[in-house]
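Now for the letters of each chain:
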Amino acid sequence: MIQQPRRIIGALLDNIGKVIVGKEDAVEYALIALLCKGHVLIEDVPGVGKTTLASALAKSLACSFRRIQFTPDLMPSDVTGFTLVNFKTGEMEFKEGSVMAQVVLADEINRTSPKTQSALLEVMEEHQVTVDGVSHPVPQPFIVLATQNPGEFVGTYPLPEAQMDRFFLRVSIGYPTVEQEMDVLERYSGAVKPMATIEPVCTAQDIIALQEMVHQVYCSPEVRMYVASIAAATRKEPALQLGASTRAAIALIHGAQACALLAGRDYIIPEDVQHMAQPVLAHRLVLSPEARMKGVSAQSIVQRVLQNVPVPVKL
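These lines cover the structure that appears in this document, whether it is placed above or below.

Rules behind the numbers
Residues numbered from 1 in each chain as written. Predicted model: local features only at pLDDT ≥ 70, side-chain atom pairs only at ≥ 80, totals over all residues. Heavy atoms only, no water. 1 Å grid on protein atoms, 1.4 Å probe; cavity = no way out; pocket = protein on both sides within 12 Å on 5 of 7 lines; lining within 4 Å. Points joined across faces, edges and corners; volume = space filled by probe spheres on them. Helix = DSSP H or I, 4+ residues; strand = E, 2+ residues; numbered from the N terminus. Nonpolar A, V, L, I, M, F, W, Y, C, P; charged D, E, K, R; others polar. Axes fitted to C-alpha atoms, helices over the stretch in contact; angles between N-to-C directions. Left-handed = near helix turned anticlockwise from the far one by under 90°. Contact = heavy atoms within 4.5 Å. Patch = residues over 30% accessible without salt bridge, like charges linked within 9 Å, V, L, I, M, F, W, Y side chains within 5 Å. Areas by Shrake-Rupley, 256 points an atom, 1.4 Å probe, with all protein chains shown as cover. Salt bridge = Lys/Arg side-chain N within 4 Å of Asp/Glu carboxyl O. Pairing = 2+ DSSP bridges. Core = buried A, V, L, I, M, F, W, Y, C linked by side-chain atoms within 4.5 Å. Buried < 20%, exposed > 50% of the residue type's maximum accessible area, 1.4 Å probe, protein only. Phe/Tyr/Trp six-rings, centres within 6.5 Å; stacked < 30°, edge-to-face > 60°. Lys NZ or Arg CZ within 6 Å of the ring centre and 35° of its normal.

1. Some thoughts on the layout of surface pockets
- Taken as a whole, the largest pocket holds about 700 Å³ of empty space.
- Forming the walls of the largest pocket are 28 residues, and the residues nearest its centre are L159, M164, R170, H283 and L285.
- Elements supplying a minimum of two residues to the lining of the largest pocket: α7 (161-166), β13 (286-287) and α14 (298-308).
- Counting residues per element, the lining of the largest pocket draws most heavily on α7, at three residues.
- Of the residues assigned to the lining of the largest pocket, the class counts are 13 nonpolar, eight polar and seven charged.
- For the second largest pocket, the calculated volume is near 330 Å³.
- Along its surface, the second largest pocket is lined by 17 residues, and C36, K37, E125, F168 and R247 are the ones closest to its centre.
- Elements with a minimum of two residues in the lining of the second largest pocket: α6 (121-126), α7 and α11 (246-262).
- For the lining of the second largest pocket, the element with the most residues is α11, which contributes four residues.
- Looking at the lining of the second largest pocket, its residues break down into six nonpolar, five polar and six charged.

Right, dumping it as C-alpha cells:
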C-alpha cells in the first residue's frame, strides 16, 4: 500500500520538475488535490508558471485533456455542452462541451462572466453536467485546474464564495529565486522546449487506485475533533464574515489523509492537518471590511487559529 503511491508520486514530481523549477510545494499540493478527487485554483501574478504547472500535470497523466480559455464572450454551453436536433434521424443529440475530459484546464477563470463561471458548479461537485434535464457524467478521474490572476487586476470577475468553496485547495507559485530563474532561462534557451519532453508516467487506473487508498488512511476521533475545532474557531473569528464550511472541514481531513499516504503512513497525525490547513482553508474564508482595510490576510487568520486550537496528544 505504501510503496506504490510514493513511486507514482515520485515519478510525477520528477516529470513536472522538468518544466517547473523549485516549486515542489505547489506541485505536491496539486497532486494531493488529484488524489482527493478535488480541484485546484492556481492564483498568482502573470508569467510565473500557472498555466505551465497545469499543463505539465495534465501531460504527465495518460488521461484526456482539454483547455478552456475563459474570455468575456464564453458561453455556459461552450463549457457544459448542448443538445440539437439530428435532422437525419429526428432525434435530439448531445454535443459535449469542453469540460467533458478527465483533466480540464480552466485558464484565467476570472476573466469570464459569473454566468459562465457558474456552469462549473455542478460538474465540480457532482462530476456530471445536466443539459436539458439529462445528466451526463464526466470521465474519471476528473480534475479542474483553474488559473487566475489576483482580483485587483483590471478586467476580472471575482469568483463568488460558492465557486471558491468548490476548489479543494488554492496554491500560489510565486517568483523564483535568482538561481532558480537562471535554471529556467537555461532550460528555455534551447531549441527544444521543456514542455515538449513531458510524457505520461501514470495511467487513469493508477490515479483511481491511489484515490481509493486515500480513503483507507485511518483518521482517529481525536484528529476529527481537531479538524472540527479548527473549523469552529474560524467561524468565531471577529475578522471574518464567513468561516470554514463543513465542505472545507471534510476537504481538510481528505487532504491530511493524502498527506499521510505520501509520507508513508496509513494514519493521520496533527502535522498532516497543519500542513494542509493553509491551502485548503484560506481561500474559503471571507474577511470583514474592517479586516480588509487593516490589511489582514486569510492566511494569517488560519495561522492564528492553528496556534490557538489545542493539538491532540493521544491519537
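Picking up where we left off.
2. Here we look at the packing of helix α10 (residues 221-235) against α11
- It is the contact of α10 with α11, at a shortest axis distance of 10 Å, that shows an interaxial angle of 145°. Considering how the two elements wind past one another, α10 and α11 form a crossing that is right-handed. For the pair formed by α10 and α11, the contact residues are R224, V227, A231 and R235 on the first element and T246, A249, L252 and I253 on the second.
- By residue class, the composition of the contact of α10 with α11 is five nonpolar, one polar and two charged.

3. What about a nonpolar patch on the surface?
- A cluster of nonpolar side chains, V85, F87 and M92, forms an exposed patch at the surface whose accessible area comes to about 380 Å².
- Topologically, M92 is positioned in strand β5 (residues 91-96).

4. Section: the pairing of β5
- Here six bridges tie strand β4 (residues 81-86) to β5, and the two strands are oriented antiparallel to one another. Among the inter-strand pairings, T83 is bridged to a residue of β5, identified as F94.
- If you look at the hairpin formed by β4 and β5, you'll find four residues sitting between the two strands, and G90 has a positive phi there, around 75°.

5. Topic: unusual backbone geometry
- A cis amide bond links Q140 to the next residue, P141, at an omega of -5°.
- Mapped onto the elements of the fold, P141 is located in the loop between β8 (134-137) and β9 (143-148).
- Its identity is not glycine, yet E108 carries a phi of approximately 55°, on the positive side.
- Within the secondary structure layout, E108 lies in the loop between β6 (103-107) and α5 (114-117).

6. Considering the nonpolar core
- Formed by 79 residues in total, the largest nonpolar core has its most connected members in V40, L61, L169, V273 and L281.
- Top element by residues in this core is α11. It accounts for 11 residues.
- The contacts of V40, once residues within four sequence positions are left out, are A30, A33, I143, V144, L145, A146, F167, L169 and V171.
- Among the nonpolar cores identified, the runner-up in size contains 23 residues, and L41, L74, V99 and M164 belong to it.

7. Brief notes about the side chain of E237
- Among the structural elements, E237 can be located in the loop between α10 and β12 (240-242).
- The residues contacting E237, other than those within four sequence positions of it, are I301, R304 and V305.

8. Looking at the environment of C202
- With respect to the helices and strands, C202 occurs in strand β11 (residues 202-203).
- Accessibility expressed as a relative area gives 3% for C202, which makes it buried.
- Taking the C-alpha atoms as reference, C202 lies 6.1 Å from A62; in sequence the two are 140 residues apart.
- Apart from residues no more than four positions distant in its own chain, C202 is found in contact with I8, L12, S60, L61, A62 and I207.

9. A closer look at the pattern of salt bridges
- Going through the model one piece at a time under the given rule, you end up with 12 salt bridges.
- The salt bridge involving R284 is made with D165; its shortest N-O contact spans 2.7 Å. Placement of R284 in the loop between α12 (270-281) and β13 and of D165 in helix α7 is noted, with a sequence separation of 119 residues between them. The exposure classification of R284 matches that of D165, with both residues buried.
- A cluster of three or more residues bridged by salt bridges with shared partners is formed by E125, D165, R166, R247 and R284.

10. Re the packing of aromatic side chains
- With the rule as written, the count across this model stands at zero aromatic pairs.
- A cation sits over an aromatic face here: R265 above Y267, 5.8 Å from the ring centre.

11. Side note on the environment of L84
- Positionally, L84 belongs in strand β4.
- Residues L84 and F94 lie 10 residues apart in sequence; the distance between their C-alpha atoms is 6.7 Å.
- Among all residues touching L84, those that are not within four sequence positions of it are E91, M92, E93 and K95.

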